[in-house]
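This is what each chain is made of:
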Amino acid sequence: MAILVPEPSAPVHSNHPTTYKSNLEEYEREGDVRRPYLLSYREVKLLGIAGVGFFLDAYDLFIINPVATMLQYRLYGGQSLPPGLEGFVKAGANIGSVIGQFAFGYSADYFGRKAVYGKELMLIIFATIGTLCDPTGALSPSGSLIWLGVWRIILGIGIGGDYPMSASVATDRANLRRRGTMLAYIFANQGWGSFVGSLATIIVLLCYKHVMEVDGKTSKVDGVWRILVGLSLIPAFGTLYQRLTLPESTRFTESRKGNVPVPDEESIEELKKKANADPAVTEKAVPTGSDGTRTPPSDVEDTVAAAEEKVRAKRAADLAAAKKDHFKEFFHYFSEWRHLKILLGTCSCWFLLDIAFYGINLNQNVVLQQIGFDGSDGSPWNRLFKIGIGNLIITALGFVPGYYATILTIEKLGRKWIQIQGFLLAALFLAILAGKFETLGTAPFIVCFAFLQFFFNFGANTTTYERGADEPPPTQCYPAEVFPTRFRASAHGMSAACGKAGAIISALAFNSLSKKIGTQHVLWIFFGCCIAGAGCTLLLPEVRDRDPDIVYAEEQREAEAEAARKRAAQ
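Residues numbered from 1 in each chain as written. Predicted model: local features only at pLDDT ≥ 70, side-chain atom pairs only at ≥ 80, totals over all residues. Heavy atoms only, no water.

A. Quick look at the packing of helix α1 (residues 41-75) against helix α9 (residues 233-245). Following both chains from N to C, one finds α1 and α9 inclined at 140 degrees, their axes separated by 9 Å at the closest point. As for the relative orientation of α1 and α9, their crossing is left-handed in sense. Residues G48, I49, A50, V52, G53, F55 and L56 of α1 form the contact with α9, whose participating residues are P235, A236, T239, Q242 and R243. Residue classes in the contact of α1 with α9 are distributed as 7 nonpolar, 4 polar and 1 charged. (Axes fitted to C-alpha atoms, helices over the stretch in contact; angles between N-to-C directions. Helix = DSSP H or I, 4+ residues; strand = E, 2+ residues; numbered from the N terminus. Left-handed = near helix turned anticlockwise from the far one by under 90°. Contact = heavy atoms within 4.5 Å. Nonpolar A, V, L, I, M, F, W, Y, C, P; charged D, E, K, R; others polar.)

B. Structural detail: the nonpolar core. Within the largest apolar cluster, 55 residues are counted, with the highest numbers of intra-cluster contacts made by F334, L452, F456, L523, F526 and C530. At the level of secondary structure, the elements contributing two or more residues to this core comprise α12 (297-334), α13 (337-361), α14 (365-371), α15 (380-413), α16 (415-435), α17 (442-457), α20 (485-517) and α21 (519-536). It is α13 that provides the largest number of residues to this core, a total of 11 residues. The residues touching C530, leaving out its near neighbours within four places in the chain, are A356, F423, A426, A427, L430 and F456. L85, A200, W381 and F385 belong to the second-largest nonpolar core, a separate cluster that totals 31 residues. (Core = buried A, V, L, I, M, F, W, Y, C linked by side-chain atoms within 4.5 Å. Buried < 20%, exposed > 50% of the residue type's maximum accessible area, 1.4 Å probe, protein only.)

C. Summary view of α17. Given a rise of 1.5 Å per residue, 16 residues ought to cover 22 Å, and the 23 Å separating the end C-alpha atoms of α17 matches this to within 8%. Of the positions making up α17, those classed as buried are F445, C448, F449, A450, L452, Q453, F455, F456 and N457. (Expected span 1.5 Å × (residues − 1).)

D. Geometry of the pattern of salt bridges. Evaluated as defined, the whole model comprises 12 salt bridges. A salt bridge links R243 to E120, with the nearest nitrogen and oxygen atoms 2.5 Å apart. Of the two residues, R243 is situated in helix α9 and E120 in helix α4 (residues 119-132); the sequence distance between them amounts to 123 residues. With a relative accessible area of 0%, R243 lands in the buried category. Using a relative accessible area of 0% as the deciding quantity, one classes E120 as buried. For R338, the salt bridge is made with E336, and the minimal N-O distance between the two is 2.8 Å. Judged by its relative accessible area of 27%, E336 is partly exposed. (Salt bridge = Lys/Arg side-chain N within 4 Å of Asp/Glu carboxyl O.)

E. Region of the structure containing the packing of α4 against helix α5 (residues 141-173). For the pair α4 and α5, interaxial distance at closest approach is 8 Å and the crossing angle is 160 degrees. Considering the angle they form, α4 stands roughly antiparallel to α5. The handedness of the crossing between α4 and α5 is left-handed. In this structure, α4 contributes E120, L123, I124, F126, A127, T128, G130 and T131 to the contact, and α5 contributes W147, L148, W151, I154, L155, I157, G158, I159, G161, D162 and M165. For the contact of α4 with α5, the residue count by class is 12 nonpolar, 5 polar and 2 charged. (Parallel < 35°, antiparallel > 145°, perpendicular 65-115°, else oblique.)

F. View of the packing of aromatic side chains. The final tally for this structure, using the stated rule, is 26 aromatic pairs. Considering the side-chain rings of Y333 and F334, the 4.9 Å spacing of their centres and the 90 degrees angle between planes classify their relative orientation as edge-to-face. The class of Y333 is buried, set by a relative accessible area of 8%. By relative accessible area, which is 7% here, F334 ends up buried. Ring centres of F454 and F455 lie 5.1 Å apart, and the angle between their planes is 90 degrees; on these two criteria the pair is classed as edge-to-face. Judged by its relative accessible area of 12%, F455 falls in the buried class. In textbook terms, an aromatic cluster arises when at least three aromatic residues are bridged by ring pairs, as seen for F330, F331, Y333, F334, F483, F487 and Y552. (Phe/Tyr/Trp six-rings, centres within 6.5 Å; stacked < 30°, edge-to-face > 60°.)

G. Main features of helix α22 (residues 548-569). Under the 1.5 Å per step criterion, the end-to-end length of α22 is 31 Å for 22 residues, consistent within 8% with the ideal 32 Å. Taken together, the buried positions of α22 are P548, D549, Y552, A553 and E555. Within α22, the buried residues cover an arc of 160 degrees as seen down the axis, which keeps them to one side. In α22, those exposed residues whose orientation departs by more than 90 degrees from the buried face are A568 and A569. The distance from a side-chain oxygen at the start of α22 to the backbone nitrogen of D549 is 3.0 Å, and the residue carrying that oxygen is D547. (Arc of directions from axis to C-beta. Polar contact = N/O pair within 3.5 Å; in protein donor to acceptor, adjacent residues only side chain to side chain.)

H. Here's a closer look at the side chain of D134. Among the secondary structure elements, D134 is positioned in the loop between α4 and α5. Look at D134: it is buried, it has no salt bridge, and the nearest opposite charge is R226 at 5.5 Å. Here D134 is in contact with S144, W147, L148, W225 and R226, once residues within four sequence places are set aside. (Lys, Arg positive; Asp, Glu negative; His and termini not counted.)

I. The arrangement of the confidence of the model for the protein in detail. On average, residues of the protein score 77 in pLDDT, and 75% of them reach the 70 mark or higher. Of all helices and strands in the protein, the one with the weakest mean pLDDT is strand β1 (residues 2-3) (36), whereas α4 scores best (94). Note that residues 259-287 has pLDDT below 50 and, in this model, 63 contacts with residues that lie over four places away or in other chains. Low pLDDT, under 50, characterises residues 465-474; the predicted model gives this stretch 101 contacts beyond four residues in sequence or across chains. (pLDDT = per-residue confidence, 0-100.)

Dropping the structure here:
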């Protein structure tokens, strides 16, 4: 008969106490001695696959501001767009994002990352092509804006879906000691998306300078905005195949089956050796007969095939059961206050952050006026070019440097400290801008605004994890790191959706509030949001070197032990 050696992931019976270890892929646990910000080839590849989503998020959400200005000249002869339609076009992607974050987040936990990942990028590509097909010459001006707004809602669904998907895919594969740095690298692509968007606007406008400025064909701006929107298809198509073929992570597969007890003395290296250095490989059967002689090859193959078929059938049954119980387990998990308060913490921090962050960045005309780049005079081309230069200055001042300050320090300072100091220092510079709004000179205004953007990104925008027209950082890391794998994407999607709700409220209310109570008073409201965000951060644990799957396994074991004690007492 054939003696089947257990798979490396199977429980090993021993007199020694057991602990719960994550059965990670090789690159998920290698190179612990490397500095956190030095990435391996596999990590760079993962960064490219997951990071392009955040690049596109920021690029697509940023580009709508200059596109809206260009449409003024294409559709309304340089006059302002109708306020209702302009708000619809600008808010469309955020509205869609709320839908996408909920839908893709839950789907990723229910169906698995592999089954869903890449579909959100296909939706982004589809919506971008639909946007490019806007028949501005055939429809009325309002009809063209409605067309654009509808497709931007669809685009937003894809963008929103990328938030929980890419964050979960990266976290599932990240080495615990470099997880925060890896996520910060991925989120930093948002800063680059905004920077590239503003740079592309300047370059394309320069290409159209002669035809618009010398020949006076202002209507050719129709080609400028279509090129800017279409450029986002290049990185999207470049990574679509990698997303669609990315295998399921070992961590997520193991989370479906539950944590596997492994004796303390059985190291990960020994498990790798057992499986020929591949944790996913099942060990081969050792064929022996009753007298110790080898059995015929055909009998061995039949026995192995039958055993493998049983294993596959059992795994399929386990996955079906896991899917069936997922919704119930999700609500049971968050019915406990210790878990619910964490979800409330991530949702409230993201919500409060985006009220302030999007309120500032979706209404950059206030900032551009202060620094003299609002494009209020000159020819149409000169106005557009000046606005493009102003946006480039704003992006370069604080966005990109803030992200990389987080990358270099997140594993040393921790997420909680970075998020609290980011909220508080952003509040400080908002207070300065609000208190001295009428009297602050151009140079001091630029300095304060640069520090405000820096601490948005070296702070809550990275840790909470959100980003839009120009977006922020630690708010982004928290939802990706604090929840167990089996609930991570759903909880992340809920947190991100709360952030988008704050962004929508801020985008719709900023202009009307500014006219009623003044811009400086609106800035004081943002100041209050940042102070409240720092307070809500106290609900969250520090997640540096914390494995939520291990914590969840220990909680399950304690619950089972408590239930056993109650049964014994009865």
